[in-house]
2 protein chains.
Amino acid sequence: MAVTLKDVAKLAGVSRSAVSRTYTDGASVSDKTRKKVEKAARELGYRPSLIARSLATNRTKLIGLIANNFQNPIFLEVFDLYTRALQKRGLRPLIVNLTDETDPEHSVQMLRQYNVDGVIVATSTLRPYFAKAFKDANMPVVHAFGRAEVGTDVHVVGIDNQACGKMAAETLLLHGYERIAFLGGPESATSTQDRATGFLGHLRDQGVVPVDVRYADAYGYQAGRDAMREVLKVEGVEAVFCGDDLICMGAMDETRQKGIRVPDDIGFIGFNDMAMAQWQAYNLTTVRQPTHDIILSSIDLVATLVEEPEKSLELRIFPCEVVERGTLRPLSQ
Amino acid sequence: MAVTLKDVAKLAGVSRSAVSRTYTDGASVSDKTRKKVEKAARELGYRPSLIARSLATNRTKLIGLIANNFQNPIFLEVFDLYTRALQKRGLRPLIVNLTDETDPEHSVQMLRQYNVDGVIVATSTLRPYFAKAFKDANMPVVHAFGRAEVGTDVHVVGIDNQACGKMAAETLLLHGYERIAFLGGPESATSTQDRATGFLGHLRDQGVVPVDVRYADAYGYQAGRDAMREVLKVEGVEAVFCGDDLICMGAMDETRQKGIRVPDDIGFIGFNDMAMAQWQAYNLTTVRQPTHDIILSSIDLVATLVEEPEKSLELRIFPCEVVERGTLRPLSQ
DNA sequence: AAAAATTTTGCAACCGGTTGCAATATTGTC
DNA sequence: GACAATATTGCAACCGGTTGCAAAATTTTT
């Protein structure tokens with residue numbers, strides 16, 4: 001049915017190798033042959049089969065993209081960037097939706113069967129051993145948004161969550177807040193843990209005792225609301241650092257629904273700077289994570305690893321910055 | 001490097017066919033042989049290569065999933081559902097991100113090269129000929145969220161946008177609104193056009209002249225805000241039907257920023273019922289689109305088409321419903 | 001227990017490409 | 001123009017599976 005090498009070769013009056021070489025860069029074909037082949041290919045509407053090529057070359061141009069946070073709009077941005085950037089390099093993502101799955105085994109097998117060239121684990125809510133499983137299966141793997149953990153020799157591209165947590169603390173203190181609460185994401189996520197460490201550590205260093213430390217069940221809106229309901233039971237909370245913008249929006253909605261004003265009565269600072277943080281209804285002051293850089297860099301890294309599997313371990317950490325909008329009270333002059 | 005059929009065959013002391021048959025359902029293998037093969041496979045950690053299988057069977061288990069609305073959170077839900085539902089059937093999506101690309105040719109070639117089993121075009125903002133291009137390239141294709149257009153013989157799963165537009169109009173009239181504006185999505189999208197037709201048609205039938213008819217540049221938040229700024233220049237607008245929830249949220253934010261209250265001064269009704277429509281800050285009354293049904297059904301349909309390419313043309317239309325929340329004034333008793 | 005019917009098995013060709021190698025053609029050198 | 005160096009070409013094996021077919025093994029029938 002489909003047009004194959006052989007058909008083109010016959011029409012062009014050359015060998016199959018010649019046709020193959022026309023479509024393999026770096027291969028040796030004379031201009032004359034190439035012209036003939038291209039003409040024949042055009043007439044027949046020929047496209048080389050990537051499947052067959054994959055089988056022969058042992059390269060598929062597929063990159064497994066593992067994610068589990070399909071509820072969080074930040075992932076839409078992540079996803080848009082990944083698909084576009086991979087596309088631009090002639091690669092394609094093979095998405096694995098991990099929603100409620102924690103055993104890497106199944107994903108590993110699946111991606112191995114598709115013979116993906118590499119894997120990007122793009123989530124901060126999985127334990128590092130998850131990414132490690134791919135490495136053990138001999139696939140190049142990069143943990144994007146991951147944590148650099150000793151002993152887990154997997155390449156990581158991300159941010160220094162501890163430093164970012166500290167930045168949030170500094171910002172709140174700078175704005176003169178004293179009765180401060182921490183409302184993190186799921187406690188099991190390394191990103192949450194690190195942000196908590198950095199945030200609470202800096203408060204402690206400054207002699208400030210947090211009025212509440214609490215963790216939402218998920219990086220989600222409702223989880224944020226639910227957790228905030230508890231935080232609000234504490235008397236006189238002045239400001240809250242939320243471990244994620246989405247959680248922060250839920251928390252703000254819960255707060256406002258109680259008739260408490262933001263930022264007049266309670267200030268908020270979020271994390272991520274997702275597109276929605278700019279929305280008028282929230283206008284969120286937040287710690288910006290350089291999603292763009294992380295994604296491009298992780299693609300770069302995985303592409304390098306494909307060529308150079310034994311490349312020595314790399315941690316690529318990008319800086320965050322605080323974006324001041326309207327959810328903290330103004331700096332006192 | 002990788003373990004192949006041959007290795008397993010040798011260890012199990014059987015022919016390669018026997019091994020292959022063990023992993024092909026419906027093939028004839030005795031229990032004894034199967035046991036031997038499975039034991040050997042387990043010892044070696046063997047998994048059949050899907051690439052090789054694809055080459056031999058001409059089936060890849062890959063479904064091309066074409067989308068272009070990576071800015072709209074509704075797509076995150078769509079995406080989550082697609083990946084999970086496909087996964088469950090042993091299929092995998094091969095995502096094509098169409099952001100600012102309108103020529104189907106490139107996507108067609110790409111998916112043809114990957115030899116996808118079928119294609120789902122999951123967007124309402126592409127012209128039907130886009131989906132048609134895949135059909136012309138002899139791939140089973142389903143246009144999800146598409147419009148049933150005469151002459152474009154492509155399978156469609158979606159909603160009756162005209163009927164839904166009418167429902168929105170009925171709802172506004174029921175609530176006693178008279179000075180009504182229409183704020184649609186991009187005018188080029190068939191979904192927008194149909195919603196407009198249904199909505200404006202019903203108003204006309206009821207003798208109501210809309211105070212404004214306007215189209216946002218995109219199915220997006222900022223586009224909604226910008227368009228609403230114009231709508232607000234019209235004196236005495238009482239209610240707005242937005243062609244999409246995200247647009248509606250933008251429109252509401254613009255409205256409130258001007259100090260105009262929702263729903264006291266202006267009422268809003270959206271479209272889609274995306275997860276965020278429930279958020280406290282918006283609490284949107286909206287026309288619910290049965291995303292879940294559309295997605296499952298489109299997967300079903302495309303899977304059927306893979307087996308039965310000549311299946312006669314099908315349009316699967318699901319009903320919408322109005323979800324009343326808090327952005328319209330209460331029904332007068 | 002032999003014959004017939006059925007099930008299981010291995011052989012070998014095939015899916016659509018790539019690539020090392022040796023043969024051939026082309027180009028450059030003197 | 002002869003010879004060497006280099007570029008191009010085709011052959012054939014291979015990537016890792018599947019599958020039609022005939023032979024072999026097993027089960028059923030008489």
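Only a predicted model underlies this, so the values are computations on that prediction, with no experimental measurement involved.

A.B. asks: Help me understand the overall build of chain A in this model?
C.D. replies: Helix and strand counts for chain A come out as 12 helices and 12 strands. Relative to its length of 333 residues, chain A is extended, with a C-alpha radius of gyration of 25 Å against a globular reference of 20 Å. Considered along the principal axes of its C-alpha atoms, chain A spans approximately 85 × 40 × 35 Å. The buried share of chain A, reckoned over its 333 residues, is 56%. Expressed as a percentage of contacts within chain A between residues at least 6 apart in sequence, the contacts between residues at least 24 apart total 72%. Carbon together with sulfur atoms contributes 47% to the accessible area of chain A, which is approximately 14,400 Å² in total. Of the charged side chains in chain A, 39 are positive and 42 negative; the average position of the first set lies 11 Å away from that of the second.

A.B. asks: What is the right way to read the protein's contact with DNA strand D from this model?
C.D. replies: What surrounds DNA strand D is a group of 28 residues, the closest being Arg21, Ser30 and Thr33 of chain A together with Leu5 and Ser20 of chain B. Restricting attention to atoms of DNA strand D within 4 Å of the protein, one finds that 56% of them are sugar or phosphate atoms. Backbone polar atom of Ala56 of chain A to a base oxygen of DNA strand D: 3.5 Å apart, as the coordinates give it. Contact distances for DNA strand D include 2.7 Å between a phosphate oxygen and a backbone N or O atom of Leu5 of chain B. Listing elements by their share of the surface near DNA strand D, those giving two or more residues are helix H2 (16–22) and helix H4 (50–57) of chain A together with helix H2 (16–22) and helix H4 (50–57) of chain B. Element by element, the count of residues in the surface near DNA strand D is highest for H4 of chain B, at 5 residues.

A.B. asks: Where do I start with the packing of aromatic side chains in this structure?
C.D. replies: For any pair of aromatic rings, the description consists of the separation of the ring centres together with the inter-plane angle of the planes. With the rule as written, the count across this model stands at 25 aromatic pairs over all chains. When the ring of Trp279 of chain A is compared with that of Tyr282 of chain B, the centres are 6.2 Å apart and the planes differ by 80°; the resulting orientation is edge-to-face. With one member in each of two chains, Trp279 of chain A in the loop between strand S9 (267–272) and strand S10 (286–288) and Tyr282 of chain B in the loop between strand S9 (267–272) and strand S10 (286–288) form a pair that bridges those chains. The residues Trp279 of chain A and Tyr282 of chain B share a single accessibility class, namely buried. Both rings, one in Phe199 of chain B and one in Phe241 of chain B, keep their centres 4.6 Å apart while their planes meet at 40°; by these two values the pair is tilted. Residue Phe199 of chain B is found in helix H9 (residues 190–205), and its partner Phe241 of chain B is found in strand S8 (residues 239–242); the two are separated by 42 residues along the sequence. Residue Phe199 of chain B shares its accessibility class with Phe241 of chain B, and that shared class is buried.

A.B. asks: Could you clarify how one ought to interpret the domain arrangement of chain A in this entry?
C.D. replies: It is common to give the size of an interface as the accessible area lost on bringing the parts into contact. The assigned domain composition of chain A is domain 1 (5–57), domain 2 (62–159 + 290–320) and domain 3 (161–289). For domain 1 of chain A and domain 2 of chain A, the distance between their C-alpha centres works out to 34 Å.

A.B. asks: So what exactly am I meant to see when it comes to the relation of the copies chain A and chain B here?
C.D. replies: Two copies of a chain can be linked by a rotation about an axis combined with a shift along that same axis. Rotating chain A by 180° and translating it 0.0 Å along the rotation axis places it on chain B, where the RMSD comes to 0.0 Å. The transformation relating the two chain copies, once decomposed into turn and shift, fits a two-fold axis. Both copies share a contact surface, since 100% of the interface residues of chain A are interface residues in chain B too.

A.B. asks: Please explain the protein's contact with DNA strand C as it appears in this structure.
C.D. replies: Of all residues adjacent to DNA strand C, which total 28 residues, the nearest are Leu5 and Ser20 of chain A together with Arg21, Ser30 and Thr33 of chain B. Sugar and phosphate atoms form 54% of the subset of DNA strand C atoms that lie within 4 Å of the protein. Measuring from a sugar or linking oxygen of DNA strand C, one finds a backbone N or O atom of Ser49 of chain A at 3.3 Å. Within the contact set of DNA strand C, a base oxygen lies 3.5 Å away from a backbone nitrogen or oxygen of Ala56 of chain B. Residue assignment for the surface near DNA strand C shows that the elements contributing at least two residues are H2 and H4 of chain A together with H2 and H4 of chain B. Looking at which element gives the most residues to the surface near DNA strand C, the answer is H4 of chain A, with 5 residues. Its residues assigned to classes, the surface near DNA strand C shows 12 nonpolar, 11 polar and 5 charged.

A.B. asks: Would you mind showing me how to read the interface of chain A and chain B here?
C.D. replies: Facing the 47 residues of chain A at the interface are 47 residues of chain B. Approximately 4,500 Å² of surface area, both sides summed, lies buried where chain A meets chain B, with 64% of it carried by carbon and sulfur atoms. At the boundary of chain A and chain B, one finds 0 salt bridges. Inspection of the region where chain A meets chain B yields 24 residue pairs in polar contact (both at pLDDT 80 or more). When contributions to the side of chain A that touches chain B are tallied by element, the ones reaching two or more residues are H4, helix H5 (74–88), strand S2 (92–97), helix H6 (104–113), helix H10 (221–231) and helix H11 (245–257) of chain A. For the side of chain A that touches chain B, the element with the highest residue contribution is H5 of chain A, accounting for 7 residues. Classifying every residue of the side of chain A that touches chain B gives 24 nonpolar, 15 polar and 8 charged.

A.B. asks: Explain helix H5 (residues 74–88) of chain B to me, please; I cannot follow it from the model alone.
C.D. replies: Count 3.6 residues to each turn of an α-helix, and residues three or four apart come out pointing the same way. All names here are of chain B. For H5, which comprises 15 residues, the first-to-last C-alpha distance of 21 Å matches the rise-based estimate of 21 Å (1.5 Å per residue) to within 8%. Among the 15 residues that make up H5, 11 are buried, leaving the element largely enclosed by the rest of the structure. Every buried residue belonging to H5 is among Ile74, Phe75, Leu76, Val78, Phe79, Asp80, Leu81, Tyr82, Thr83, Ala85 and Leu86, and all of these are buried.

A.B. asks: Would you mind showing me how to read the nonpolar core here?
C.D. replies: Counting residues in each nonpolar core, the largest one holds 154 residues, and the members touching the most others are Leu183, Phe199 and Phe268 of chain A together with Leu183, Phe199 and Phe268 of chain B. Sequence-distant contacts of Leu183 of chain A, that is, excluding residues within four places in its chain, are made with Arg214, Ala216, Gly224, Ala227, Met228, Val231, Val240, Phe241, Cys242, Gly243, Ile247 and Ala251 of chain A. Grouped together as the second largest cluster of nonpolar side chains are 44 residues, Ala131 and Val156 of chain A together with Leu62 and Val96 of chain B included.

Each value, and the rule that gives it
- Residues numbered from 1 in each chain as written.
- Chains lettered and ligands numbered in written order.
- Predicted model: local features only at pLDDT ≥ 70, side-chain atom pairs only at ≥ 80, totals over all residues.
- Heavy atoms only, no water.
- Helix = DSSP H or I, 4+ residues; strand = E, 2+ residues; numbered from the N terminus.
- Rg over C-alpha atoms; globule rule 2.2 N^0.38 Å.
- Buried < 20%, exposed > 50% of the residue type's maximum accessible area, 1.4 Å probe, protein only.
- Contact = heavy atoms within 4.5 Å.
- Areas by Shrake-Rupley, 256 points an atom, 1.4 Å probe, with all protein chains shown as cover.
- Lys, Arg positive; Asp, Glu negative; His and termini not counted.
- Charge placed at Lys NZ, Arg CZ, Asp CG, Glu CD.
- Near = heavy atom within 4 Å.
- Polar contact = N/O pair within 3.5 Å; in protein donor to acceptor, adjacent residues only side chain to side chain.
- Phe/Tyr/Trp six-rings, centres within 6.5 Å; stacked < 30°, edge-to-face > 60°.
- Domains from an automatic or database assignment.
- Least-squares fit on C-alpha atoms with pLDDT ≥ 70 in both.
- Nonpolar A, V, L, I, M, F, W, Y, C, P; charged D, E, K, R; others polar.
- Buried area = accessible area lost by both parts, 1.4 Å probe.
- Salt bridge = Lys/Arg side-chain N within 4 Å of Asp/Glu carboxyl O.
- Expected span 1.5 Å × (residues − 1).
- Core = buried A, V, L, I, M, F, W, Y, C linked by side-chain atoms within 4.5 Å.

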